[in-house]
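Structural overview
Residue-level listing of the chains:
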Amino acid sequence: MFLINALASALLAMLALSDLRQRRLPNAMVAGFAALYFAHAWSGGASRVEIETHLATGAAALVLAALMFRFGWLAGGDAKLFAAVFLWTDLPHATTVFFIVSFIGLMLAVAQLAWRLVERARAAVSDQGWLSPARGVPYGVALAAGGIAAVWLPRVAPHALRLQHAAWPLLSHARLT
């Protein structure tokens, strides 16, 4: 399972780089990432209900992404990757992954606004550079980061929960004075 997660993370890194450089998310790579979920589920012994839950999450994400595509907020490749990322996401981590994707997307948009201000200050119109506003927001980068979180959070979450429960007795005895 570790090998599948590592391969999925490598695919996401390549997708992020492709989006930065070319503003393209190759369908084959997005489909490969989505297909790896099924290998991951099979090797992990996921139940039919778990797989159906992941499929429903991915389908709901595809509907949401299609709406965002319709309004021009996402490109087509981003919409497909959005669905693939949420196919990997289990329900307890869906809001965390959504927050990661949204936050990093916001940071990319802010970086582009800053880039635009710098270009105006220099009075130079240049399409050079990965974050050039003329090329659009590379939202695939944010989706790749959220996808990596979706791949690895279920592996890390049990440890995080144990740490939270271990800290609870300490916090319950603390008094605010």
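So, a few notes on the structure that sits alongside this text.

Thresholds, definitions, all that
Residues numbered from 1 in each chain as written. Predicted model: local features only at pLDDT ≥ 70, side-chain atom pairs only at ≥ 80, totals over all residues. Heavy atoms only, no water. Phe/Tyr/Trp six-rings, centres within 6.5 Å; stacked < 30°, edge-to-face > 60°. 1 Å grid on protein atoms, 1.4 Å probe; cavity = no way out; pocket = protein on both sides within 12 Å on 5 of 7 lines; lining within 4 Å. Points joined across faces, edges and corners; volume = space filled by probe spheres on them. Helix = DSSP H or I, 4+ residues; strand = E, 2+ residues; numbered from the N terminus. Nonpolar A, V, L, I, M, F, W, Y, C, P; charged D, E, K, R; others polar. Buried < 20%, exposed > 50% of the residue type's maximum accessible area, 1.4 Å probe, protein only. Salt bridge = Lys/Arg side-chain N within 4 Å of Asp/Glu carboxyl O.

1. Some details on the packing of aromatic side chains
What the rule picks out here adds up to 9 aromatic pairs. The structure contains a cluster of three or more aromatic residues connected by ring pairs, namely Phe33, Tyr37, Phe38 and Trp88.

2. Comments concerning the layout of surface pockets
With a probe scaled to a water molecule rolled over the atoms, the places where space remains empty come into view. In this structure, the largest pocket occupies an estimated 350 Å³ of space. Lining the largest pocket we find 18 residues, and of these His40, Ala46, Glu50, His54 and Pro154 sit closest to its centre. For the lining of the largest pocket, the secondary structure elements donating two or more residues are helix 2 (27-43), helix 3 (48-70), helix 5 (91-122) and helix 6 (139-172). Among the elements that line the lining of the largest pocket, the one with the most residues is helix 6, at 4 residues. For the lining of the largest pocket, the per-class residue count stands at 10 nonpolar, 5 polar and 3 charged. By volume, the second largest pocket is sized at about 260 Å³. Met68, Trp73, Leu74, Val137 and Tyr139 are, among the 15 residues lining the second largest pocket, the residues nearest its centre. Where the lining of the second largest pocket is concerned, the elements lending two or more residues are helix 4 (76-88) and helix 5.

3. Here we look at the side chain of Ser18
Relative to the helices and strands, Ser18 is located in helix 1 (residues 2-22). For Ser18, a relative accessible area of 12% gives the class buried.

4. Quick look at the pattern of salt bridges
Following the criterion strictly, the structure yields 1 salt bridge and no others. We note a salt bridge from Glu52 to Arg48, for which the minimum N-O separation is 2.8 Å. Here Glu52 pairs with Arg48, and both are found in helix 3, just 4 residues apart, close to one helical turn. Of the residues examined, Glu52 reaches a relative accessible area of 39% and is grouped as partly exposed.

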